Amino acid sequence: MKTINVNVVTPDGKIFDGDVEMVSAKAQSGELGILPGHIPMVAPLTVCAVRLKTGSDVQLVAVSGGFLEIRPDQVTVLAESAELPSDIDVERARAAKERAERRMQQDKSDSIDFKRAELALKRAINRLNVSGK
Ligand code: ATP
């Protein structure tokens with residue numbers, strides 16, 4: 001199988017660098033499945049799990065928005081934050097989820113605070129899903 005080089009980079013540094021057979025991610029325009037030789041493009045990312053697949057092995061990365069830059073032989077994920085499952089602090093994510101849910105109950109749904117809490121909730125749920133907890 002052909003492979004494609006993947007780099008996941010955040011403001012804190014590189015989270016992943018390796019060759020995989022397929023990358024899947026949720027762009028704002030919808031799900032993307034990227035194989036070697038993909039046409040070049042840049043896509044804004046949602047809060048999502050990036051899946052890096054090689055054979056039967058799937059490496060998940062929790063990503064909180066950013067951009068995906070695709071070239072035929074390389075994918076770069078420029079993420080606002082990104083964590084591998086083993087780096088996710090599950091208690092912290094649970095606490096963030098509860099805090100966000102409380103705020104969403106207190107604030108009006110069109111307020112900036114509600115929208116912030118909604119995004120925080122998405123990040124926390126995504127981290128919990130990626131950690132498998
Ligand atoms: P919190 O309210 O717990 O800070 P958050 O969603 O507001 O969560 P971010 O602003 O997305 O946090 O991330 C800030 C930094 O903290 C990033 O480096 C991110 O990787 C890290 N981070 C956030 N939550 C977790 C977690 N549950 N486990 C490990 N690292 C985390």
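Residues numbered from 1 in each chain as written. Predicted model: local features only at pLDDT ≥ 70, side-chain atom pairs only at ≥ 80, totals over all residues. Heavy atoms only, no water.

**Q** What's the story with the pairing of strand 6 (residues 57-71) in this structure? I'm lost.
**A** Every other side chain in a regular strand lies on the same face of the sheet, so the side chains alternate between the two faces. The pairing of strand 5 (residues 41-54) with strand 6 spans 13 bridges and is classified as antiparallel. What sits directly across from Leu45, in strand 6, is Gly66. The antiparallel pairing of strand 5 with strand 6 creates a hairpin that spans two residues between the two strands, and Gly55 there sits at a positive phi of about 60°. Sheet topology note: the strand 6/strand 8 (residues 82-83) ladder contains two bridges and is antiparallel. Bridging across to strand 8, Ala62 finds its partner in Glu83. Pairing between strand 6 and strand 7 (residues 74-79): six bridges, direction antiparallel. When the sheet's bridge partners are listed, Gly66 is paired in strand 7 with Ala79. Between strand 6 and strand 7, which pair antiparallel in sequence order, lie two residues. (Pairing = 2+ DSSP bridges. Helix = DSSP H or I, 4+ residues; strand = E, 2+ residues; numbered from the N terminus.)

**Q** Any chance you could explain the site of the ligand here in plain terms?
**A** Contacts to the ligand come from Asp12, Ser81, Glu83, Asp87, Ile88, Asp89, Arg92, Ala93, Arg99, Arg123 and Arg127. Within the side chain of Arg123, an N or O atom sits 2.6 Å from an oxygen atom of the ligand. Here an oxygen atom of the ligand and a side-chain polar atom of Arg127 are 2.8 Å apart. Protein chains shield 69% of the accessible area of the ligand, which is 590 Å² for the free molecule. Assessed atom by atom at 2 Å from the grid points, the ligand resides in the largest pocket. (Near = heavy atom within 4 Å. Polar contact = N/O pair within 3.5 Å; in protein donor to acceptor, adjacent residues only side chain to side chain. Areas by Shrake-Rupley, 256 points an atom, 1.4 Å probe, with all protein chains shown as cover. 1 Å grid on protein atoms, 1.4 Å probe; cavity = no way out; pocket = protein on both sides within 12 Å on 5 of 7 lines; lining within 4 Å. Sits in = over half its atoms within 2 Å of the grid points.)

**Q** Help me out: how do you make sense of the packing of helix 1 (residues 90-106) against helix 2 (residues 112-131) in this one?
**A** Any two packed helices are characterised by how steeply their axes cross, that is the angle between the axes, and by the distance between the axes. Here helix 1 crosses helix 2 at 150°, and the two axes come no closer than 8 Å. Here helix 1 lies roughly antiparallel to helix 2, going by the angle between them. Seen along the crossing, helix 1 lies across helix 2 with a hand that is left-handed. Between helix 1 and helix 2, the contacting residues are Val90, Ala93, Arg94, Ala96, Lys97, Ala100, Glu101, Arg103 and Met104 on the first element and Phe114, Ala117, Glu118, Ala120, Leu121, Ala124, Ile125, Arg127, Leu128 and Ser131 on the second. Here the contact of helix 1 with helix 2 is built from residues that sort into twelve nonpolar, one polar and six charged. (Axes fitted to C-alpha atoms, helices over the stretch in contact; angles between N-to-C directions. Parallel < 35°, antiparallel > 145°, perpendicular 65-115°, else oblique. Left-handed = near helix turned anticlockwise from the far one by under 90°. Contact = heavy atoms within 4.5 Å. Nonpolar A, V, L, I, M, F, W, Y, C, P; charged D, E, K, R; others polar.)

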